[in-house]
Amino acid sequence: MAEYVVWKPYYSVDNASLDMEHKIIVGLINELYAAVISKKEEGDLKAISDRLVRYTNKHFQHEEQVMRECDYPRFYDHKLEHERLRQRTLDFHNNLNLVTGRDMLRFLNDWWCEHIRESDKAYAPYLQMSMR
Ligand SMILES: [Fe+2]
Ligand SMILES: [Fe+2]
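Residues numbered from 1 in each chain as written. Chains lettered and ligands numbered in written order. Predicted model: local features only at pLDDT ≥ 70, side-chain atom pairs only at ≥ 80, totals over all residues. Heavy atoms only, no water.

A. Fine view of the coordination of the iron ion (ligand 1). Taken together, Glu63 (OE), His78 (NE2), His82 (NE2), His115 (NE2) and Asp120 (OD) make up the full set of protein donors to the iron ion (ligand 1), lying 2.1 to 2.2 Å away. Here the donor residues for the iron ion (ligand 1) map to a single chain with the spacing E-x14-H-x3-H-x32-H-x4-D. Separation of the iron ion (ligand 1) from the iron ion (ligand 2) amounts to 3.5 Å, with Glu63 serving as a shared donor to the pair. Highlighted residues: Glu63 in helix α2 (residues 42-69) and His82 in helix α3 (residues 75-94), separated in sequence by 19 residues. (Donors = N, O, S within 2.8 Å, 3.2 Å for Na, K, Ca; no water. Helix = DSSP H or I, 4+ residues; strand = E, 2+ residues; numbered from the N terminus.)

Dropping the structure here:
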């Protein structure tokens, strides 16, 4: 089955554990996509999106800790973006019966690709510098 979000090497933030977490999140979005197109019941979709919400929180906590450790100058802007994304992901999770699965996937795809490609990539050089 085709994947909804395809991981690309240029998404890498040059940190193996953060890259792995991003890949797990992309995997969960793909799992949700597969469940939507095979018209799984709402309970099944909810179980996947629940894992996504919990894993996203865990990832954001880890990423924020890493950014703090390398004195990333745009830490607060990034944290604010996490808060917004966390809330929107939770809103979708709590209203799965109101929004279509497709809307949710489009949002997740857009924000993840956008967030990883732009905002997460921006801290990568600081992470590298702090490790020298
Ligand atoms: Fe982030
Ligand atoms: Fe991230």
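B. Seen up close, the packing of α3 against helix α4 (residues 101-130). Between α3 and α4, the least distance of the axes is 11 Å, while the angle of their chain directions is 165°. It follows that α3 is roughly antiparallel to α4 by the angle criterion. The way α3 lies across α4 gives a crossing that is left-handed. Where α3 abuts α4, its residues His78, Glu81, His82, Leu85, Arg88, Thr89 and Phe92 lie against Asp103, Met104, Phe107, Leu108, Trp111, His115, Ser119, Asp120 and Tyr123. Residues that form the contact of α3 with α4 fall into these classes: 7 nonpolar, 5 polar and 4 charged. (Axes fitted to C-alpha atoms, helices over the stretch in contact; angles between N-to-C directions. Parallel < 35°, antiparallel > 145°, perpendicular 65-115°, else oblique. Left-handed = near helix turned anticlockwise from the far one by under 90°. Contact = heavy atoms within 4.5 Å. Nonpolar A, V, L, I, M, F, W, Y, C, P; charged D, E, K, R; others polar.)

C. Highlighting the environment of Asp44. Relative to the helices and strands, Asp44 is located in helix α2. Under the relative-accessibility criterion, Asp44 is labelled partly exposed at 37%. (Buried < 20%, exposed > 50% of the residue type's maximum accessible area, 1.4 Å probe, protein only.)

D. Seen up close, α4. Given a rise of 1.5 Å per residue, 30 residues ought to cover 44 Å, and the 41 Å separating the end C-alpha atoms of α4 matches this to within 8%. The largest bend in α4 amounts to roughly 35° and is located at Lys121, with the proline Pro125 lying one to four residues further along. (Expected span 1.5 Å × (residues − 1). Bend = angle between axes of the 7 residues up to and from the residue.)

E. Spotlight on the coordination of the iron ion (ligand 2). The iron ion (ligand 2) binds to the protein through His22 (NE2), His59 (NE2), Glu63 (OE) and Asp120 (OD); the donor distances cover 2.1 to 2.2 Å. Of note is the iron ion (ligand 2), whose 4 donor atoms meet at the metal with angles of 82 to 169° in an arrangement that counts as irregular. For the iron ion (ligand 2), all donor residues lie on one chain, and their spacing in sequence is H-x36-H-x3-E-x56-D. Assessed through its relative accessible area of 0%, His22 is described here as buried. Its relative accessible area of 0% is what places Asp120 among the buried residues. (Tetrahedral: all angles 85-135°; square planar, octahedral: opposite > 155°, others 65-115°.)

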